[in-house]
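A closer look at the structure
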Amino acid sequence: MVDFNRATDMPAAINTLERYVAHGVLTLNNLFSALTYQELPGALLERVCDVNIVTAADGTTRLIARISLPLDPAYITSTTQKLWTFAQEFKEATIPAAYKVD
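Structure report, in brief.

Thresholds applied
Residues numbered from 1 in each chain as written. Predicted model: local features only at pLDDT ≥ 70, side-chain atom pairs only at ≥ 80, totals over all residues. Heavy atoms only, no water. Helix = DSSP H or I, 4+ residues; strand = E, 2+ residues; numbered from the N terminus. Expected span 1.5 Å × (residues − 1). Buried < 20%, exposed > 50% of the residue type's maximum accessible area, 1.4 Å probe, protein only. Contact = heavy atoms within 4.5 Å. Phe/Tyr/Trp six-rings, centres within 6.5 Å; stacked < 30°, edge-to-face > 60°. Core = buried A, V, L, I, M, F, W, Y, C linked by side-chain atoms within 4.5 Å. Salt bridge = Lys/Arg side-chain N within 4 Å of Asp/Glu carboxyl O. Polar contact = N/O pair within 3.5 Å; in protein donor to acceptor, adjacent residues only side chain to side chain. Pairing = 2+ DSSP bridges.

This part takes up helix α2 (residues 17-32). Look at α2: 22 Å from first C-alpha to last across 16 residues, which is about the 22 Å you get at 1.5 Å a residue. Buried within α2 we find H23, V25, T27, N29 and F32. At its buried positions, α2 is contacted by α1 (6-9), β3 (49-55) and β4 (61-67).

Below you can see the structure in the form of structure tokens.
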């Protein structure tokens, strides 16, 4: 689990949902870039969070992110909770200072 406090862990420059998502995936990638899992039986190991920066065909620079969050299977039968509330932790970690309030 990565404890998160909006007051101390969210830089002021994050004022859009896009920046919020970018901050989240970059932080998770920083913390768990070596953590892997097997997506399908017999498949190669995949990183739980993978982030790349590429130049797209149209010349724009893009942040590409792939993340695989473990979910509590109880989400299947829940009729009241939002899906994101079933996201489970990768493992215990602390947010690096570089990703906190500036």
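That was the structure; now back to the text.
Bringing the packing of aromatic side chains into the picture now. Describing an aromatic ring pair means giving the distance of the ring centres and the angle of the ring planes. Using the criterion set out here, one finds one aromatic pair in the structure. Relative to F90, the ring of F32 lies with its centre 5.2 Å away and its plane at 70 degrees, an arrangement referred to as edge-to-face. One end of the pair, F32, is in helix α2; the other, F90, is in the segment after β4, with 58 residues separating them in the sequence. Each member of the pair, F32 as well as F90, is classed as buried.

Turning our attention to the nonpolar core. Counting residues in hydrophobic clusters, the biggest one holds seven residues: V25, F32, V48, C49, V51, F90 and A93. Looking at this core, the elements with two or more residues in it are α2 and β3.

Below, the discussion takes up the pattern of salt bridges. This structure, assessed with the given rule, holds three salt bridges. Put simply, E39 and R66 hold a salt bridge, and the shortest N to O gap is 2.4 Å. A residue pair is termed long-range when its members are at least 10 positions apart, and E39 in the loop between β1 (36-38) and β2 (45-47) and R66 in strand β4 qualify at 27 residues. In this structure, R47 engages D50 in a salt bridge whose closest nitrogen and oxygen atoms are separated by 2.4 Å. On the basis of relative accessibility, which here comes to 23%, the residue D50 falls in the partly exposed class.

Now for the environment of E39. Classification of E39 as partly exposed rests on a relative accessible area of 38%. Taking the C-alpha atoms as reference points, E39 and S68, 29 residues apart in sequence, are found 9.1 Å from one another. Setting aside chain neighbours within four positions, we find E39 in contact with E46 and R66. Within the local environment of E39, its side chain forms a polar contact with the side chain of Y37, the two groups lying 2.6 Å apart. Among the polar contacts listed, one links the side chain of E39 to the side chain of R66, at a separation of 2.4 Å.

For the rest of this paragraph, the subject is the pairing of β3. Sheet topology places β3 next to β4; seven bridges connect them, and they run antiparallel. Looking at the pairing, N52 lines up with I64 of β4.

Taken by themselves, the reported measurements are silent on function.
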